[in-house]
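# Examining the three-dimensional arrangement
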Amino acid sequence: MTRAIVALLLVLLLVGGARAERLIVSVSNHRVTVTPNYSGEELVLFGSVEKDATTPADRTSYDLVVTVLGPRADMVTRRKERTFGIWINTDYRQFLEVPSYLALFANRPFDVITSPEIARRQQIGLNNVLLTQRVSGDYADVVPNDAFRSAFIRLRTQDGLYREDASAVTFLTPTLFRTGIPLPAEVPIGTYEVEIKLFANGAFIGKTETAFEIIKVGFEQFVATSARQHGLLYGLATAAMALMTGWMASIVFRKD
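Residues numbered from 1 in each chain as written. Predicted model: local features only at pLDDT ≥ 70, side-chain atom pairs only at ≥ 80, totals over all residues. Heavy atoms only, no water.

### Topic: the pairing of strand S13 (residues 190-200)
Our working definition: A 1.4 Å probe rolled over the protein chains alone gives each residue an accessible area, and that area as a share of the maximum for its type sets the label: buried under 20%, exposed over 50%, partly exposed in between. Secondary structure is summarised from DSSP: a helix means a run of H or I of at least four residues, a strand means a run of E of at least two, and numbering begins at the N terminus for each. By definition, two strands form a pair when at least two bridges between them are found by DSSP.
Across the 11 residues of S13, nine count as buried, placing the element largely inside the fold. Direction of pairing for strand S4 (residues 63-69) relative to S13: antiparallel, over a ladder of seven bridges. Bridged to Thr67 within S13 is Glu195. One ladder, built from 11 bridges, connects S13 with strand S14 (residues 203-216); its direction is antiparallel. Bridged to Leu198 within S14 is Gly206. Connecting S13 to the next strand, S14, in antiparallel fashion are two residues, including Asn201 with a positive phi near 55°.

### Considering the sheet that holds strand S1 (residues 21-27)
Sheet architecture is open: four strands sit in the order S1-S3-S12-S11, paired in antiparallel fashion. Both edges of this open sheet fall to S1 and strand S11 (170-171), since each of them pairs with a single strand only.

### What to know about the sheet that holds strand S10 (residues 162-165)
Spelled out, the test is: A fitted line through C-alpha atoms represents every axis, and for helices the fit uses only the stretch in contact; the resulting angles, taken between N-to-C directions, go from 0 to 180 degrees.
Reading across from one edge, S2-S14-S13-S4-S7-S10 is the order of the six strands in this open sheet, with mixed pairing throughout. Whereas interior strands pair on both sides, the edge strands pair on one side only; in this sheet they are strand S2 (31-34) and S10. Direction aside, the axes of adjacent strands within the sheet are offset by 15° on average.

### Brief notes about unusual backbone geometry
Of note in the backbone geometry, Glu97 takes a positive phi value of approximately 50° without being a glycine. With respect to the helices, strands and loops of the structure, Glu97 is situated in strand S6 (residues 86-99). Even without being glycine, Asn201 reaches a positive phi, approximately 55°. Relative accessible area serves as the criterion here: at 71%, Asn201 is assigned to the exposed category.

### Description of the side chain of Asn107
For the record, the criterion: Any pair of nitrogen or oxygen atoms within 3.5 Å is treated as a polar contact; in protein, a donor-acceptor pairing is required on top of that, and neighbouring residues in sequence qualify only through side-chain atoms on both sides. Contact definition: two residues touch when any of their heavy atoms are within 4.5 Å.
Along the chain, Asn107 turns up in the loop between strand S7 (102-106) and helix H2 (110-113). Of note is the side chain of Asn107, whose polar atom sits 2.9 Å from the side chain of Asp63. A polar contact of 2.9 Å, which involves the side chain of Asn107, links it to the backbone nitrogen of Leu64. In this structure, Asn107 is in contact with Tyr62, Asp63, Leu64, Ile113, Ala166, Val169 and Phe171, ignoring residues within four places of it in sequence.

Okay, here's the thing in structure tokens:
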């Protein structure tokens, strides 16, 4: 009896783990180096949909949504109002552990790839991505048209750090695809997660993940590493350089 139960469990696990399709992906460069003259770069994500014997015969086309998530950080959006002719901050909203870089790419408009319910669950489109905020002591995301949320996305989009493009993914064949990942000059340093989600006839089929890293090299990296690992010595050296600069300026511009 025990052996029969174990055998049944194994069969269920094998059946549950079987997948009609799987995604095989890679990026053109898994490590991007940022130098003092770095002005931006574009990576290429490419991959294929691998079918097997369990793939339905009538499944001939797919949809893809690629989500790129940069290092997470806390950020603040402030509201300014004109008071007595002066612009001052009157309110603010703190965003907690949100992606410093966020890009969503697809081969068709997001609203035709799947249903609104699945889009919300799978965070398809900027309006459906969770951006946790601190609101009057509570922690939650809010409606997409919230003024602070809209302003936050607009400002990040203007800097090229948030974006969505429903025509960025191209199917070269029915199963072979590619897309570009633009990285602006102000791109944050750190590890970037890439999620590739596969849909067919509006249904979510599965996903896979990959990643790449952006690092600084050269003198800027040396300074950043020194400040982080040797804070006291870095502070003393900075103070000494400031004093020396001031002393040299006083000599150069001294009036006899």
